[in-house]
Amino acid sequence: MAMEMRLTLRLDMGGEHALGVGKVRLMELIEESGSISRAAKEMGMSYRRAWLLVNDLNQRFGTPLVETQRGGGGGGGAALSETGRDVVALYRRMEKASLEANGQAMEELAALTAR
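Residues numbered from 1 in each chain as written. Predicted model: local features only at pLDDT ≥ 70, side-chain atom pairs only at ≥ 80, totals over all residues. Heavy atoms only, no water.

K.L.:
Help me understand the side chain of Glu95 in this model?
P.N.:
Locating Glu95 in the fold gives a position in helix α4 (residues 82–113). Its relative accessible area of 16% is what places Glu95 among the buried residues. If near-sequence neighbours (up to four positions away) are discounted, Glu95 is found in contact with Leu9 and Val21. (Helix = DSSP H or I, 4+ residues; strand = E, 2+ residues; numbered from the N terminus. Buried < 20%, exposed > 50% of the residue type's maximum accessible area, 1.4 Å probe, protein only. Contact = heavy atoms within 4.5 Å.)

Right under this line is the structure:
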């Protein structure tokens, strides 16, 4: 039986992990929910961990990818900036192209694990 394989895309900047499937998914969930807290909960991580990842993204890209609004009577919120939405779209486009380019090789590798 062949082992299931998954290709993931990770981008490093300056020798450090900058963007990968986890951070992109976090950004997608923030956009969907309007909340870092709800996105973190959906991913099974602490709010603090999610905030640290958002802060890293915002600093690394030089412009905020996630914009926040302080709480108050109606509560706070978060959303992706236009740049944040562009980063997610570009990452997903690169991910799709990588899968299309490497699908056959992945099938061949998976078949070798079944031997």
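K.L.:
Whenever I open this one, the pattern of salt bridges confuses me. Can you help?
P.N.:
For side chains bearing opposite charge, pairing can occur when the charged atoms are close. Per the stated rule, a full pass over the model turns up 10 salt bridges. Glu32 serves as the salt-bridge partner of Arg25, at 3.6 Å between the closest nitrogen and oxygen. Here Arg60 ties to Asp56 by a salt bridge, and the two come within 3.1 Å at their closest N and O atoms. Placement of both Arg60 and Asp56 in helix α3 (residues 47–60) is noted, with a separation of 4 residues, approximately one turn of the helix. You can call Arg60 partly exposed: its relative accessible area is 22%. Judged by relative accessible area, Asp56 falls into the partly exposed class, the value being 23%. One salt-bridge network, held together by shared partners, links Arg25, Glu28, Glu32, Arg92 and Glu95. (Salt bridge = Lys/Arg side-chain N within 4 Å of Asp/Glu carboxyl O.)

K.L.:
Explain the side chain of Lys23 here, please?
P.N.:
Topologically, Lys23 is positioned in helix α1 (residues 21–33). With sequence-adjacent residues up to four places away left out, Lys23 is seen in contact with His17, Ala18, Leu53, Asp56 and Leu57.

K.L.:
In this structure, what is going on with α4? I would like to understand it.
P.N.:
Along an α-helix, residues three or four positions apart point the same way, because every turn accommodates 3.6 residues. Along α4, the sharpest kink reaches roughly 55°, centred on Asn102. Gly84, Val87, Val88, Tyr91, Glu95, Met106 and Ala110 are the residues of α4 that are buried. Buried residues along α4 sit against β1 (11–13), β2 (16–19), α1 and β4 (77–80). (Bend = angle between axes of the 7 residues up to and from the residue.)

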